[in-house]
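Listed below are the residues making up each chain.
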Amino acid sequence: PQSRTAPPPPVLYYLSGLTCSDENARTKSHFAAEAGKVGLAVVFPDTSPRNVGIPTEDDDWQFGSSAGWYLDATVEPWSKHYKMYTYITKELPSVIAGLFPVDPIRRSITGHSMGGHGALICHLKNPGMYTSVSAFAPACNPTAVPWGEKVFPGYLGSLDAGKAYDATELVKSYSGPKPSILIDVGTHDFVLTTQLKPENFSAACGEAGYPLQLRMQPNYDHSYYFVSTFMRDHVDHHARAFGLRYK
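The structure presented is a predicted model; accordingly, all values stated were derived computationally and were not measured.

Q: Go over the nonpolar core with me, naming the residues and quoting the values.
A: Where a protein is soluble and globular, its nonpolar side chains tend to be buried together. Of all hydrophobic cores here, the largest spans 73 residues; its most connected members are Trp69, Leu71, Ile109, Tyr155 and Phe201. A total of 8 residues in this core trace back to one element, the largest contributor, which is helix α9 (residues 224-242). Apart from residues no more than four positions distant in its own chain, Leu71 is found in contact with Tyr82, Lys83, Met84, Tyr85, Val151, Phe152, Tyr155, Leu156 and Tyr165.

Written out as structure tokens, the structure reads:
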């Protein structure tokens, strides 16, 4: 807050992608200047539990450490610690509200790649929890791509169980407030056609009557150069939803 009497700032949760920790976005996304201009607090969770004693947790960059996929695992040995969905939607907001002078109610969510997937599903599974939502190059329909074929059976026991954590499937039955979703994807993203499938999510949103702004950015890739370029647009998207103005 600007002063001790100013209202506490709303919180934007930024969920990072595969192989990342909380540090990647904090150091590469150029978020601080933009968030500071509107008085928005930003929280960067880690992407998985760490060092929990599972022998294979560090063997695969797409599964295990740095690859929690923002779900609650039901298959042992992952089910004991890999509860990222509950962590993001319940545990972490409670901790943040207890430690920092932020608004405990007003929150929004965004993310990149796996984190974009996380942002979409956390919103769609919790109508009204988030004032606004956006994503950079999200995995939009993971049950239909190789990532989901690996991740969901490993964490949940089957690919079909992954539909509970698939934005394209969730939006079909979504009922609740419909804040417009902003998604940016680079046309030269190396996993655009094989893993992201934004066109599937766009079609599902159209059929469900859910407002979506999908922007295909010419010549951009999957990197943090892409994320940092459009960070201001995403901060502005969330700031407007909160009624915040640039200082």
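On we go from here.
Q: So what's going on with unusual backbone geometry? Residues and values would help.
A: Between Glu76 and the following residue, Pro77, the backbone shows a cis peptide bond with an omega angle of 5°. Of note, Pro77 is situated in the loop between β2 (41-43) and α3 (84-99). At Asn51, a position not held by glycine, the phi torsion is positive, near 50°. With respect to the helices and strands, the residue Asn51 is situated in the loop between β2 and α3. Here Trp69, not a glycine, exhibits a phi torsion of approximately 60°, which is positive. Looking at the element boundaries, Trp69 is found in the loop between β2 and α3.

Q: Run through the packing of aromatic side chains, naming residues and quoting values.
A: Taken as a whole and judged by the stated rule, the model has 15 aromatic pairs. For the pair Tyr14 and Phe136, a centre-to-centre distance of 6.5 Å together with 45° between the ring planes defines the contact as tilted. Of this pair, Tyr14 sits in strand β1 (residues 11-15) while Phe136 sits in strand β4 (residues 133-136); the two residues are 122 residues apart in sequence, bridging distant segments of the chain. With relative accessibility at 1%, the residue Tyr14 sits in the buried group.

Q: Provide a residue-level description of a nonpolar patch on the surface, including the pertinent values.
A: On the surface, Val95, Leu99 and Phe100 cluster together into a nonpolar patch covering about 300 Å² of accessible area. By the element assignment, Leu99 lies in helix α3. According to the relative accessible area criterion, Leu99 is exposed, its value standing at 60%.

Q: Give a detailed account of the pairing of β1, specifying residues and quantitative values.
A: Most of β1 sits out of view: 5 of its 5 residues are buried. Burial along β1 is two-sided: Val11, Tyr13 and Leu15 facing one way and Leu12 and Tyr14 facing the other are all buried. Across 3 bridges, the pairing between β1 and β2 is parallel. Counterpart to Val11 in the pairing with β2 is Ala41. Relative to strand β3 (residues 107-111), β1 runs parallel, the two being bridged by 5 bridges. Following the sheet pairing, Leu15 is matched in β3 by Gly111.

The rules behind each value
Residues numbered from 1 in each chain as written. Predicted model: local features only at pLDDT ≥ 70, side-chain atom pairs only at ≥ 80, totals over all residues. Heavy atoms only, no water. Core = buried A, V, L, I, M, F, W, Y, C linked by side-chain atoms within 4.5 Å. Buried < 20%, exposed > 50% of the residue type's maximum accessible area, 1.4 Å probe, protein only. Helix = DSSP H or I, 4+ residues; strand = E, 2+ residues; numbered from the N terminus. Contact = heavy atoms within 4.5 Å. Phe/Tyr/Trp six-rings, centres within 6.5 Å; stacked < 30°, edge-to-face > 60°. Patch = residues over 30% accessible without salt bridge, like charges linked within 9 Å, V, L, I, M, F, W, Y side chains within 5 Å. Areas by Shrake-Rupley, 256 points an atom, 1.4 Å probe, with all protein chains shown as cover. Salt bridge = Lys/Arg side-chain N within 4 Å of Asp/Glu carboxyl O. Pairing = 2+ DSSP bridges.

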